[in-house]
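Examining the three-dimensional arrangement
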Amino acid sequence: MRCLPLRKRMSNMQFIEMTGKQLLAAVNQDEFSPEEFEKANIREDSIVRINRQGDIEVRRPAGWDLVGGLIGEFEKRIQHASGHDWA
């Protein structure tokens, strides 16, 4: 099996970017609670992204931090809340 460099692997990943406020409206309490939002320092104006596997990453000054994940049928909820498709 051929292993692609990290840059190439990352370019194949798809995300939906949204604000913390949009994410809070889209998630279920059992996925990511308001307390977890606070602990991860996600505010309403934070920039977050979700990949197709449901990983939640938040934009920090020097990059992205993985802070949690979504479960179940999250794709349509994330698309609806953000108004975006996978890119």
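Please refer to the structure higher up on the page.
What counts, and where the lines are drawn
Residues numbered from 1 in each chain as written. Predicted model: local features only at pLDDT ≥ 70, side-chain atom pairs only at ≥ 80, totals over all residues. Heavy atoms only, no water. Pairing = 2+ DSSP bridges. Helix = DSSP H or I, 4+ residues; strand = E, 2+ residues; numbered from the N terminus. Axes fitted to C-alpha atoms, helices over the stretch in contact; angles between N-to-C directions. Core = buried A, V, L, I, M, F, W, Y, C linked by side-chain atoms within 4.5 Å. Buried < 20%, exposed > 50% of the residue type's maximum accessible area, 1.4 Å probe, protein only. Contact = heavy atoms within 4.5 Å. Phe/Tyr/Trp six-rings, centres within 6.5 Å; stacked < 30°, edge-to-face > 60°. Lys NZ or Arg CZ within 6 Å of the ring centre and 35° of its normal. Salt bridge = Lys/Arg side-chain N within 4 Å of Asp/Glu carboxyl O.

Here we take up the sheet that holds strand E1 (residues 15–19). One open sheet holds the four strands; their spatial order is E1-E2-E3-E4, and the pairing between them is antiparallel. The sheet terminates laterally at E1 and strand E4 (63–69), the two strands that pair on one side only. Mean inter-strand twist for the sheet, computed between neighbouring axes without regard to direction, equals 30 degrees. In the sheet, strand E2 (residues 47–51) pairs with strand E3 (residues 55–60) via three bridges, with the strands oriented antiparallel. Opposite Ile50, over in E3, you have Ile56 as the bridge partner.

Our next topic: the nonpolar core. Counting 17 residues, the largest nonpolar core has Leu23, Phe32, Ile42, Val48, Ile50, Leu70 and Ile78 as the members making the most contacts within it. Within the residue set of this core, elements represented by two or more residues are E1, helix H2 (20–26), E2 and E3. Dropping the residues within four chain positions of it, Leu70 is found in contact with Val27, Glu31, Ile50, Gln53, Gly54, Ile56 and Ile78.

Using the criterion set out here, one finds one aromatic pair in the structure. Judged by centre distance (4.9 Å) and plane angle (75 degrees), the ring pair of Phe32 and Phe37 falls under edge-to-face. Residue class for Phe32 comes out buried when judged on its relative accessible area of 3%. When the ring centre of Trp64 is taken as reference, the NZ or CZ atom of Arg59 above it lies at 5.7 Å.

Moving on, we get to the pattern of salt bridges. Proximity of charged atoms lets side chains of opposite charge pair with each other. Following the criterion strictly, the structure yields four salt bridges and no others. Across the pair Glu31 and Arg77 runs a salt bridge, and its minimum N-O distance is 2.9 Å. Residue Glu31 is located in the loop between H2 and helix H3 (34–39), and its partner Arg77 is located in helix H4 (residues 75–82); the two are separated by 46 residues in the primary sequence. Using a relative accessible area of 22% as the deciding quantity, one classes Arg77 as partly exposed. A salt bridge links Arg43 to Asp45; the shortest N-O distance between them is 3.3 Å. The class of Arg43 is partly exposed, set by a relative accessible area of 46%.

So, to be careful, I would describe these as geometric facts and stop short of saying anything about function.
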